[in-house]
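Reading the structure
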Amino acid sequence: MSIDGTWAFTAESPRGEQSFAATFTSDGERLAGTMTGAQGIWEIDEGSVHGNEVGWLVRRAVMGMNLRFTGVVDGDQWTGKVKVGVLGSFPASAVRTTLEQPPPARSEPSLISAEGRADPYPIYARIRQDGPVRPVQGPLGGQVWMVTGYEEARALLNDPRISKHPRHAPQWLRDLGIVTADEGPTGTNMLNSDPPDHTRLRRLVSKGFTPRRIEALRPRVQRITDDLLDRMAPLGRVDLIDAFAYPLPITVISELIGVPEEDRDDFRSWTAAMLLMPLEEELRARRSQGIEAINGYLAALIERKRRDLRPGVPRDEQPDLASALVAAADDEDGLNERELVGMLNLLLVAGHETTVNLIGNGMAALLRHPGQLALLRDQPQLLPSAIEEMLRHDGPVEQGTGRTAVENIEIGEVTIPAGSQVTVALAAADRDPRRFPDPDRFDIQREDNAHVAFGHGLHFCLGAPLARMEAQIAFRGLLDRFPDLALDCPPEQLRQRPGTTPLFRGLAELPVKFTPAAR
Ligand code: HEM
């Protein structure tokens, strides 16, 4: 009796029905394979086949307890029981699943090749032609399920059978050192956790990011913008990324969190290292150094905030977000030390890497589409809709962060097997022709523009109101102050920042020129 293949399991347990997926191979007597459950992915430690009796052991699978399965197989049905450590034995059953695997993606220039970085959209369009959800060979070697369809992206971003916790990540990602069993590169944070941790972590800071709280920051953001524009004005030509798009969001988020001015320059090199594509040993080492440097700095910052904390001042009245989080640390829902570092790391990185690219990609799109730029100058009330189109057309986040299916998920004509890595290509979803007519066209008057550039579902961007407000002030300022702003290089010379993961889309430089103001 063969047990080889993929099986879907259910087991009764004191905590209700549990689902697992398993893939087995056997050589007649010995059984090997992997199992996946909501708690993780496990190698089978010992397995045996005697006639139709099939049993196996997974060590330390659930809360450190062993799982021992014993039962009989009959065709495509397995019936038996599972012994869970000291908790006892529970009835279990399984059916063999015949998952239709679509063929692997056609051979394409890789999304991380120079061509793919410069313009990934034709590659995504070709992948989408084979199906809006399909397995592809990821740049790091392992298989990922790539989601390029808009409806499918929204459905999966909202699907509770998809986990963000690194403990579910496939073994190949752990082997590369990209995630560890308990955390991703940015530590323990809301973006790599599932409810109920996600709910607790997000609730702690969400009050600080409501549209009303963000509106209150408007005058300060305006002042920071005006200062940067004043500094640019006499120069006549600048790299807009360096002179404006980078310093604006880093200043805003640093002030919000409470990072002193003199420390801010270091972040640029640390986060650049942290976002390197870990393709080779040397890059992996640089990436780890970046992560260590930033987390070491944040741990010291937290220490300083703790020392300077004014006793008895409620958390809402603390001078900055880091102090407020430190003040809340002893509360019931407060953060432990690792969570504090993880939270600040996430807010700093998410709070500036992305907005830099909204300003950079958005201004590049306007400068490359002079008709649209003229229209916006003519009708400034189009700015909010222009910003939404910048986000849809070439958003700062090309691919959503890593996710893992913890159960088999049927979607459209395919089934994503439990244990698979899922990449939602937000930039591709936002160019899905089934959702956006003529999707490659940059049209600042586009209506019905509900893009997914800020994600969707539980992990929808916390900073979206802040990013939108910064972008409005930034573009208004640039357009008003520099009526003849133009590209200072042939458009084909614009390059994406080299070496970073396809998580982000952002230019290395954006040379611009304008008539200088008299000093
Ligand atoms: C244009 C700028 C921005 C874009 C395009 C953007 C995009 C995104 C996207 C796509 C996600 C979801 C990622 C996923 O599900 O894999 C996300 C999450 C997040 N973003 Fe943003 N973001 C921007 C600016 C900001 C800013 C200014 C902050 C400020 C602190 C911020 C904080 C966050 C946080 C904390 C999360 C995680 C939310 C969660 O896990 O519940 N983002 N962002």
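Preceding block: the structure.
Computed from a prediction, not measured in an experiment: that's the story for all the values here.

**Focus: the sheet that holds strand β13 (residues 237–239)**
Strand order across the open sheet formed by three strands is β13-β19-β18, with antiparallel pairing between neighbours. On the outer flanks of this sheet lie β13 and β18 (486–487), each paired with one strand and no other. Sheet topology note: the β18/strand β19 (residues 511–513) ladder contains two bridges and is antiparallel. Opposite Ala-486, over in β19, you have Lys-513 as the bridge partner.

**Considerations on the sheet that holds strand β11 (residues 143–147)**
Ordered by their spatial adjacency, five strands build an open sheet running β10-β11-β17-β14-β12, and the pairing between neighbours is mixed. Every interior strand has two partners, whereas the edge strands, β10 (133–137) and β12 (162–163), have only one. Two strands pair when backbone bridges link them, and β11 and strand β17 (residues 421–424) are joined in this way by four bridges, in the parallel orientation. In the sheet register, Val-147 faces β17, and the bridge partner there is Val-424. Sheet contacts for helix α3 (residues 150–157): β10, β11, β12, β14 (403–405) and β17; angle to β11, the most-contacted strand, approximately 115 degrees.

**With respect to the packing of aromatic side chains**
In this structure the tally under the stated criterion is 14 aromatic pairs. Plain terms: the ring middles of Trp-56 and Trp-78 are 5.4 Å apart, the flat faces sit at 50 degrees to each other, and that makes the pair tilted. Remark: Trp-78 occurs in strand β8 (residues 77–84) and Trp-56 occurs in strand β6 (residues 53–62); sequence separation between them is 22 residues. Each member of the pair, Trp-56 together with Trp-78, is buried. For the ring pair Phe-267 and Tyr-297, a centre distance of 5.4 Å and an interplane angle of 85 degrees mean the geometry is edge-to-face. Residue Phe-267 is found in helix α10 (residues 264–274), and its partner Tyr-297 is found in helix α11 (residues 281–308); the two are separated by 30 residues along the sequence. Owing to a relative accessible area of 11%, Tyr-297 belongs among the buried residues under this scheme.

**As for the nonpolar core**
Counting 88 residues, the largest nonpolar core has Phe-244, Met-363 and Leu-510 as the members making the most contacts within it. When residues of this core are assigned to their parent elements, the largest contribution, 16 residues, is made by helix α13 (residues 337–368). In terms of nonpolar packing, the next biggest core, distinct from the first, is built from 27 residues, Ala-11, Val-49, Trp-56 and Val-62 among them.

Conventions and cut-offs
Residues numbered from 1 in each chain as written. Predicted model: local features only at pLDDT ≥ 70, side-chain atom pairs only at ≥ 80, totals over all residues. Heavy atoms only, no water. Pairing = 2+ DSSP bridges. Helix = DSSP H or I, 4+ residues; strand = E, 2+ residues; numbered from the N terminus. Contact = heavy atoms within 4.5 Å. Axes fitted to C-alpha atoms, helices over the stretch in contact; angles between N-to-C directions. Phe/Tyr/Trp six-rings, centres within 6.5 Å; stacked < 30°, edge-to-face > 60°. Buried < 20%, exposed > 50% of the residue type's maximum accessible area, 1.4 Å probe, protein only. Core = buried A, V, L, I, M, F, W, Y, C linked by side-chain atoms within 4.5 Å.

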